[in-house]
Amino acid sequence: MYFLLRIFSYFFLCNRTESFSHRGLSSMAEIPSLMSLWNDLSSAIYELPSDLFDGLLMHLPPLALQKLQEEMPLRCWNGHESTNICFRNGRKRGSCGNFNTAWKALFKSRWPDLARKIQRVDWSAGVAKYESIIDWQQMYWETHLQNCIDEAAEIAVLPSFDGCLGEIEIPDTIIKCIGYKGHRSHSTCDYSKLSYHCEQFGSYARCLKLQNMLCIAETSHLLRKSRLQQLVLRWIKSTEHMDGLCQLLQQNNETLSSLEFIFCNLSSASLNAICDSLRVKDMQTYRVQHFSITNTVLERNPVSLPHGLVSFLSSGRSLCSLKFSDNHLGKNFAKLVFNTLLDASSRLSTLNLADNNITGWLFNFNQRSSTWPLPSIGLGKSLQLLRVLNLRGNNLCKDDADNLKYALIYMPNLEILDLSDNPIEDDGISSLIPYFVEASERHSPLADLSLGDCDLSCNGVTQLLDVLSTLKNPLHSLSIAHNELGSQAAGPLAKFLRTFIRVLNVEDIGLGSSGFLKLQEDMPEEMKLVSINISKNRGRLETANFLLKLMSKAPELVVVNAAYNFMPVESLTVVHSSLKVGKGKLERLDLRGNARFCQSAHAPLFDEFQHRGRPIVILPPLPAADEPYDDDP
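Since this is a predicted model, take the numbers as computed values, not measurements.

> Can you walk me through the overall build of the protein chain in this structure?
Counting its secondary structure elements, the protein chain contains 22 helices and 21 strands. Looking at the protein chain residue by residue over its 633 residues, the buried ones come to 49%. Of all intrachain contacts in the protein chain linking residues separated by at least 6 positions in sequence, the fraction that spans at least 24 positions is 80%. About 29200 Å² of surface is accessible on the protein chain, with carbon and sulfur atoms providing 51% of the total.

Structure representation (structure tokens):
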């Protein structure tokens, strides 16, 4: 009985410590100590029946749960659930079974928004399968350490700071989250300092984000127990930052698989130092799989690439994804990168050069091949494994599109091509049409094509859709958004819908009411659409009528964006009817921007439509009292 009372006290303390603090009990002497109870009960707790033991886990604060796992005898694992993730460094550990469930509950309680992001999974793959691979204990302590590092960065950035990073004190709000209560002076170890948290939880860190003031030699020492796999760096600009960063990269170059630079200033010497630090010395190779530089100052039009970067691009056999985005790069840099990858027959699967200014980067590229198509496609130098090419927002013109046609044949397995926000015009599309036809004949055909905001006319898009409608292997996804096509595009679009396209984006193409009416008249009897974006087309009531017919013809539809179509109030009843006739797979219907809806008494009718506890229909918020209803062109 005494034992059971102590167990009850333990449970009570875990649940009521916070309430005691709210009542003004500031001294640890006023309540029992968790650790003193632990010392008394540790051996007996492991002998508890499974149901009591599992119940105990769900009531422990993080530090107590951590201690329970670390000290759990191996012999006890046979009596409690375990999985194949119960090993760390060759020995069993406690982040499995109901331990993992307990850590998940702690994570969701402390970071609910982040937990929801982590669990946005492909439900068709099965939630249980996905959950089994998440180590919530590792996730908890990694995120906790990131919080501590972020707090330290706010102190270190101050001009008045001239101390050691490890001596920076962590706020009580963070300390209390893991189970420490009371006055700091009563602790036997200095858990208030950053160094303590790095020492205790650094081994759980796999992915960290560091600002420039933390890229110093001391950080490498603080994180000496970490085996980093992903590292995101911001504002790296000075030599001091670069020296500290390179030391950290060398320390983790055998495990680091993803490296990202944001808002940095990287000279050629800096790129050489970074790439040299990433090389695994004994093997003279690189382990990085994902390399990204965005919003960063680089040399725009170099005569040659830094030798370290050339070596990295040529010898990095593990490199899968390369991103140089929004760096204001010129054509020389893009050309040098592309030729280096091509000449090395890189195994790259994703190349992202978006949001630069690389007009003319493939000038005279057609001279590399004298015939179209290449007689030995896929042989010799090529980007055999490239699946994704993103050239969005590069000011490419019709001549660039013509040269791109020849470059694309060196990518025999390309599946996703993004040319959005480039003024290639109708002539550019005409140049690429032979490639689209050839690509559809391949074993791995082109699947996703983005041509939004390319200065296309209705005639150019009609020609494109006519060709795409006859391809041997039709597209999976197409975007022609933000091109001024007008209502005349509705007929070719309706015909194209017969190809079983899955994802279609026709946002802001000027369909209008007459365009939606034409789509209804020519709509095929069966469609395979999963997602469609018809927003910003000023369809008014005909938008709702289109949705009503669409829902009955596209049983697999999951996402619809019909925002900003200036739909009148009477459209709500039509939309409600469309949801009724749907097949029940719809997860999201975006009706924002239709300001009249929020003033309608019919709006509550949509409350009945839910998906996984969340509303399917997204209605516009109530406008301010003096906000006008803008329906001017």
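> Looking at this structure, I do not really get empty space enclosed by the protein. What am I missing?
A probe as big as a water molecule, rolled over the atoms, marks out the empty space that is left. Using the criterion set out here, one finds three cavities of 30 Å³ or more in the structure. Considering only enclosed or pocket space, the largest cavity measures out at about 60 Å³ in volume. I149, L165, L194, C198, L210, L214, T219, L222 and L223 are the residues that line the largest cavity. Looking at the lining of the largest cavity, the elements that each hand over two or more residues are α10 (194-201) and α11 (217-222). Split into classes, the residues belonging to the lining of the largest cavity amount to eight nonpolar, one polar and no charged.

> What is the right way to look at the side chain of R442 in this model?
Checked against the element boundaries, R442 lands in the loop between α17 (425-439) and β13 (448-450). Nearest to the buried, unbridged R442 among oppositely charged side chains is E438, at 4.4 Å. Among the polar contacts made by the side chain of R442, one reaches the main-chain carbonyl oxygen of L414 at a distance of 2.6 Å. Polar contacts involving the side chain of R442 include one to the side chain of Y435, which spans 3.4 Å. Those residues in contact with R442 that lie beyond four places of it in its chain are M411, P412, N413, L414, Y435 and N473.

> I'm lost on helix α4 (residues 62-70) in this one. Help?
At 3.6 residues per turn, the α-helix brings residues three or four places apart onto the same side. Here α4 lies mainly inside the structure; seven of its nine residues are buried. Every buried residue of α4 is listed here: P62, L63, A64, L65, Q66, L68 and Q69.

> Help me understand the pairing of strand β8 (residues 290-294) in this model?
Within a regular beta strand, the side chains point alternately toward one face of the sheet and then the other, so they alternate between its two faces. With four of five residues buried, β8 lies mostly within the body of the structure. As judged from the five bridges shared by strand β5 (residues 258-262) and β8, these two strands associate in the parallel manner. When the sheet's bridge partners are listed, S258 is paired in β8 with H290. Bridge count for β8 against strand β9 (residues 321-325) is five bridges, and the pairing is parallel. Residue I293 lies in a different strand from β9, and its bridge partner there is F324. With helix α14 (residues 307-315) bridging β8 and the parallel β9, this β-α-β connection has right-handed handedness.

> Even after reading the chapter, I still don't get the packing of aromatic side chains, so can you show me in this structure?
Counted by the stated rule, this structure contains 20 aromatic pairs. Ring centres of Y180 and Y196 lie 6.4 Å apart, and the angle between their planes is 65 degrees; this geometry places the pair in the edge-to-face category. Taken together, the residues Y180 in the loop between α9 (172-177) and α10 and Y196 in helix α10 connect sequence positions 16 residues apart. We classify Y196 as buried; its relative accessible area is 13%. With a centroid separation of 5.2 Å and an interplanar angle of 85 degrees, the aromatic rings of Y286 and F312 are classed as edge-to-face. One end of the pair, Y286, is in strand β7 (residues 285-286); the other, F312, is in helix α14, and 26 residues separate them in sequence. Exposure class is identical for Y286 and F312. Each is buried. Here the aromatic cluster, defined as three or more aromatic residues joined through ring pairs, consists of W103, F107, W111, W136, Y140, W141 and F201. If you follow K528 out to its NZ or CZ, it ends over the ring of F500, 5.9 Å from the centre.

> In this structure, what is going on with the environment of F500? I would like to understand it.
Mapped onto the elements, F500 comes out in the loop between α19 (490-496) and β15 (503-505). Given the relative accessible area of 41%, F500 is considered partly exposed. Along the primary structure F500 and V530 are separated by 30 residues, whereas in three dimensions their C-alpha atoms are 9.9 Å apart. Excluding residues within four positions of it along the chain, F500 makes contact with E526 and K528.

> What is the right way to read the pattern of salt bridges from this model?
Under the defined criterion, the tally for this structure stands at 22 salt bridges. With its nearest N and O atoms 3.6 Å apart, the salt bridge here joins K398 to D427. Residue K398 is located in helix α16 (residues 398-408), and its partner D427 is located in helix α17; the two are separated by 29 residues in the primary sequence. The partly exposed category is assigned to K398, whose relative accessible area is 36%. The partner of E507 in a salt bridge is K536, and the shortest N-O contact between them spans 3.5 Å. Of this pair, E507 sits in the loop between β15 and α20 (512-522) while K536 sits in the loop between β16 (531-533) and α21 (541-553), and the two are 29 residues apart along the sequence.

Each value, and the rule that gives it
- Residues numbered from 1 in each chain as written.
- Predicted model: local features only at pLDDT ≥ 70, side-chain atom pairs only at ≥ 80, totals over all residues.
- Heavy atoms only, no water.
- Helix = DSSP H or I, 4+ residues; strand = E, 2+ residues; numbered from the N terminus.
- Buried < 20%, exposed > 50% of the residue type's maximum accessible area, 1.4 Å probe, protein only.
- Contact = heavy atoms within 4.5 Å.
- Areas by Shrake-Rupley, 256 points an atom, 1.4 Å probe, with all protein chains shown as cover.
- 1 Å grid on protein atoms, 1.4 Å probe; cavity = no way out; pocket = protein on both sides within 12 Å on 5 of 7 lines; lining within 4 Å.
- Points joined across faces, edges and corners; volume = space filled by probe spheres on them.
- Nonpolar A, V, L, I, M, F, W, Y, C, P; charged D, E, K, R; others polar.
- Lys, Arg positive; Asp, Glu negative; His and termini not counted.
- Salt bridge = Lys/Arg side-chain N within 4 Å of Asp/Glu carboxyl O.
- Polar contact = N/O pair within 3.5 Å; in protein donor to acceptor, adjacent residues only side chain to side chain.
- Pairing = 2+ DSSP bridges.
- Right-handed = clockwise from strand over helix to strand, strands pointing away.
- Phe/Tyr/Trp six-rings, centres within 6.5 Å; stacked < 30°, edge-to-face > 60°.
- Lys NZ or Arg CZ within 6 Å of the ring centre and 35° of its normal.

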